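Chain residues, written in single-letter form:
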Number of protein chains: 2
Amino acid sequence: MTPIRARSTVVEAIRPPEPCVACEARVCSVCNALHPSDLDRLSAVATSFGVESGRTFIEEGALAEFFFNVTAGTAKLFKLLPDGRRQITGFASVGTFLGLAVSTTYSFGAEALEPMRICRFQRARMRDLLDEFPVLERKLLEVAAAELVAAQEQMLLLGRKTARERLASFLVARAASLCPLPDCNNRRPRNQQRVPLPMTRGDIADYLGLTIETVSRTLTRFRAEGMIDIPNASEIVIQAREALESLATGLR
Amino acid sequence: MTPIRARSTVVEAIRPPEPCVACEARVCSVCNALHPSDLDRLSAVATSFGVESGRTFIEEGALAEFFFNVTAGTAKLFKLLPDGRRQITGFASVGTFLGLAVSTTYSFGAEALEPMRICRFQRARMRDLLDEFPVLERKLLEVAAAELVAAQEQMLLLGRKTARERLASFLVARAASLCPLPDCNNRRPRNQQRVPLPMTRGDIADYLGLTIETVSRTLTRFRAEGMIDIPNASEIVIQAREALESLATGLR
DNA sequence: CGGGTGCCTTGACCCAGATCAATCCGCCCG
DNA sequence: CGGGCGGATTGATCTGGGTCAAGGCACCCG
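On a predicted model such as this, the values are computed, not experimentally measured, just so you know. (Residues numbered from 1 in each chain as written. Chains lettered and ligands numbered in written order. Predicted model: local features only at pLDDT ≥ 70, side-chain atom pairs only at ≥ 80, totals over all residues. Heavy atoms only, no water.)

Engineer: What am I meant to see in the side chain of D206(A) here?
Structural biologist: With respect to the secondary-structure elements, D206(A) resides in helix α5 (residues 201–208). Judged by its relative accessible area of 14%, D206(A) is buried. Discounting residues that sit within four places of it in the chain, D206(A) has contacts with R86(A), Q87(A), I88(A) and R160(B). (Helix = DSSP H or I, 4+ residues; strand = E, 2+ residues; numbered from the N terminus. Buried < 20%, exposed > 50% of the residue type's maximum accessible area, 1.4 Å probe, protein only. Contact = heavy atoms within 4.5 Å.)

Engineer: What exactly am I supposed to notice about the sheet that holds strand β11 (residues 228–232) of chain A here?
Structural biologist: Backbone hydrogen bonds hold the strands of a sheet together, and the pairing may be parallel or antiparallel. Residue and element names in this part refer to chain A. Taken in spatial order, the three strands line up as β10-β12-β11 in an open sheet, and their pairing is antiparallel. Of all the strands in the sheet, the pair left with one neighbour each is β10 (193–196) and β11. For this sheet the average axis-to-axis angle between neighbouring strands, irrespective of direction, equals 25°. As judged from the four bridges shared by β10 and strand β12 (residues 235–238), these two strands associate in the antiparallel manner. (Pairing = 2+ DSSP bridges. Axes fitted to C-alpha atoms, helices over the stretch in contact; angles between N-to-C directions.)

Engineer: Sorry if this is basic, but what is going on with the interface of chain B and chain A here?
Structural biologist: Note on interface size: it is often stated as the accessible area lost on association of the parts. Every contact between the two is made by 47 residues of chain B and, on the other side, 47 residues of chain A. Carbon and sulfur atoms make up 63% of the area that chain B and chain A hide from each other, which totals about 4,300 Å². In terms of surface lost to chain A, no three residues of chain B exceed R138(B), M155(B) and R160(B), which account for 19% of the buried area on that side. On inspection of chain B and its partner chain A, the count reaches ten salt bridges. One salt bridge in this structure joins R85(A) and E165(B), with 2.8 Å as the shortest N-O distance. Counting the contacts that link chain B with chain A gives 18 residue pairs in polar contact (both at pLDDT 80 or more). Those elements that provide at least two residues to the side of chain B that touches chain A are β5 (75–80), β6 (86–92), α2 (123–132), α3 (134–160) and α5 (201–208) of chain B. (Buried area = accessible area lost by both parts, 1.4 Å probe. Salt bridge = Lys/Arg side-chain N within 4 Å of Asp/Glu carboxyl O. Polar contact = N/O pair within 3.5 Å; in protein donor to acceptor, adjacent residues only side chain to side chain.)

Engineer: Looking at this model, I keep getting lost on the protein's contact with DNA strand D. Mind explaining?
Structural biologist: Around DNA strand D, the structure places 17 residues, and the nearest of them are R201(A), R217(A), T220(A), T214(B) and R217(B). Between a phosphate oxygen of DNA strand D and a side-chain N or O atom of T220(A), the distance comes to 2.8 Å. Elements that contribute at least two residues to the surface near DNA strand D include exactly α5 and α6 (212–224) of chain A together with α6 (212–224) of chain B. The element that contributes the greatest number of residues to the surface near DNA strand D is α6(A), accounting for five residues. Taken together, the residues of the surface near DNA strand D sort by class into four nonpolar, eight polar and five charged. (Near = heavy atom within 4 Å. Nonpolar A, V, L, I, M, F, W, Y, C, P; charged D, E, K, R; others polar.)

Engineer: Could you clarify how one ought to interpret the state of the cysteines in this entry?
Structural biologist: All names here are of chain A. Summed over all chains, the structure comprises zero disulfides over all chains. The thiol of C28 is not disulfide-bonded; the next cysteine sulfur, from C23, is found 8.1 Å away. Judged by its relative accessible area of 43%, C28 falls in the partly exposed class. No disulfide involves C31; its sulfur sits 5.9 Å from the nearest other cysteine sulfur, which is in C20. Using a relative accessible area of 11% as the deciding quantity, one classes C31 as buried. (Disulfide = S-S within 2.5 Å.)

Engineer: How do you make sense of the environment of V27(B) when you look at a structure like this?
Structural biologist: Residue and element names in this part refer to chain B. Within the element layout of this structure, V27 appears in the loop between β1 (12–14) and α1 (39–45). Assessed through its relative accessible area of 63%, V27 is described here as exposed. In this structure, the C-alpha to C-alpha distance between V27 and G95, residues 68 residues apart in sequence, is 7.9 Å.

Engineer: Would you take a moment to explain the nonpolar core for this structure?
Structural biologist: Side chains that are nonpolar tend, in soluble globular proteins, to be buried together. Membership of the largest hydrophobic core comes to 68 residues, with the highest contact counts inside it found for F170(A), F222(A), I228(A), F170(B), F222(B) and I228(B). Apart from the residues within four sequence positions on either side, F170(A) is in contact with F91(A), L197(A), M199(A), I204(A), Y207(A) and L208(A). Counting residues in each nonpolar core, the second largest holds 44 residues, with C119(A), A144(A), F67(B) and L136(B) among its members. (Core = buried A, V, L, I, M, F, W, Y, C linked by side-chain atoms within 4.5 Å.)

Engineer: When you look at the protein's contact with DNA strand C in this model, what are you seeing that I'm missing?
Structural biologist: Within the structure, DNA strand C sits among 17 residues, and T214(A), R217(A), R201(B), R217(B) and T220(B) are positioned closest to it. Considering the 4 Å shell around the protein, atoms of DNA strand C inside it are sugar or phosphate in 62% of instances. Here A163(A) contributes a backbone N or O atom positioned 2.8 Å from a phosphate oxygen of DNA strand C. Within the backbone of R201(B), one N or O atom sits 2.8 Å away from a phosphate oxygen of DNA strand C. Of all the secondary-structure elements, those providing two or more residues to the surface near DNA strand C are α6 of chain A together with α5 and α6 of chain B. A per-element tally of the surface near DNA strand C places α6(B) first, with five residues. Per-class residue counts for the surface near DNA strand C are four nonpolar, eight polar and five charged.

Engineer: What am I meant to see in the relation of the copies chain B and chain A here?
Structural biologist: Here the second copy of the chain follows from the first by a rotation about an axis and a shift along it. Rotating chain B by 180° and moving it 0.0 Å along the rotation axis overlays it on chain A with an RMSD of 0.1 Å. Read as a symmetry element, the transformation amounts to a two-fold axis. Of the interface residues in chain B, 100% have counterparts in chain A that sit at the interface too, so the contact is made through matching surfaces. (Least-squares fit on C-alpha atoms with pLDDT ≥ 70 in both.)

Engineer: Honestly, the sheet that holds strand β12 (residues 235–238) of chain B in this entry has me stumped. Any pointers?
Structural biologist: All names here are of chain B. In spatial order, the strands read β10-β12-β11; together these three strands make up an open sheet with antiparallel pairing. Where the open sheet ends on each side, the last strands, each with one partner, are β10 (193–196) and β11 (228–232). Put simply, the sheet's adjacent strands are angled 25° from each other on average, direction ignored.

Engineer: Would you mind showing me how to read the packing of helix α4 (residues 163–178) of chain B against α5(B) here?
Structural biologist: The relative placement of two packed helices is expressed as an angle between their axes plus a distance between the axes. Residue and element names in this part refer to chain B. Contact geometry for α4 and α5: axes closest at 11 Å, N-to-C directions at 110°. By the criterion of interaxial angle, the relationship of α4 to α5 is roughly perpendicular. Relative to α5, α4 is oriented so that their crossing is right-handed. Residues R166, L167 and F170 of α4 form the contact with α5, whose participating residues are I204, Y207 and L208. For the contact of α4 with α5, a count of residues per class yields five nonpolar, no polar and one charged. (Parallel < 35°, antiparallel > 145°, perpendicular 65-115°, else oblique. Left-handed = near helix turned anticlockwise from the far one by under 90°.)

These figures come from the coordinates and say nothing about function on their own.
This is the structure:
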């Protein structure tokens, strides 16, 4: 309700937030590094707020005042060229920690794909918290290292993979991210796995360095080849995971 | 002289190394985070060794036993697809810290472009060191965050920039990396700046997601347009930095 | 000093994916 | 129920950069 900053990207701010101990997103976020008994220290510096779908809540180049932690929903992270060309560098979903910038300004923008709930920390206060809990800093380093590995993988995709390989990689990665646990119920059939795509074809294109048309055509062709099913535009069903996986890894 | 591991990628190993206090690379590396009086702790776990030009000293997929710190020379870091397609994810020069992998295996390979000297730390021992010196861990987090920002910039390049924009970005970035200091002597003329290119055209191509031929043609065209000079294949001279910079940022 | 080897450059041609241009489809709203 | 709207799909065509193919050039080594 009450916008916090001049450039209102915030829809609704609640303070105090639901306490961190009760946070459902905690298990899959950096906050999990803290001992439950220390969570009230975290709650003390966190502010939770909602973001409506389509809203930009991080502006590339703006003063980087906060760190963020996604507790619900999905966002796209992107960089822009002056003429409007866009590269989506990743999608942030529940548990994602955002804002690990070096500079004083954000090096990327973020826009909600779905209604979101986000936890926000003042950078300065976060610094204190890191001093207090080295285990949290270690966790952040782990997360950063993992993202770096993912970023390098994406460079390989963008620099050297064909359109078919890019789409296959994307679908396989999406499917895998649904269920990091080996025997999640969604994974049981392994094939027939339903993969939600909360982003538009345009977003997928901007993530994979392609055009909307190529994304659409390639998906249509995957369907014709029996590798996927497309019950509706925002969901695909994997029909031949092996085939997709070997395409994704460039095995032809 | 004495190869250390089975798969000998190491040319020469010296133990004890030149002590860290005397290391010329320290000022531009993470080791600088430590107080000089603590450097002997670092020396105690470090091993320095030389790598000859062309030698692969990190094998993608191999067990990640070490962290590395480059103290002299330059390496290319790359990922491969099964059919040999290659993406160079970065170049590591003096001060670069390598091996921030999450997994137990390296997610990229590294090959020396020039004769190198490298400092090596057992991962397990490094862990102890990080526990002992949180300031070192903080420094690593900073470095990782900076690399993440650079990786996102590279994704924008690979996904959305034209060949000309890619080469312009590359040359401008190389020129800037020569001299992080604002008034380094090399920078004085700002134009006429000599930029060494220790990598081959093939390496540049694999870094920018292009082919050798496109790299060569584009550089030739830059020369014809008066933006650069090419005294020899492994060096260019920037003649019109403004023009290159606006090309690099996509301003047409 | 000559021949070889590994880049690098240049030219001719080709093609994967971009661009341009209609539809189409699902969904919302009056 | 109809019409408008924002994606998504599909078709036709174009093109930037890839591929294939000759040389060229620098450097090394015998």
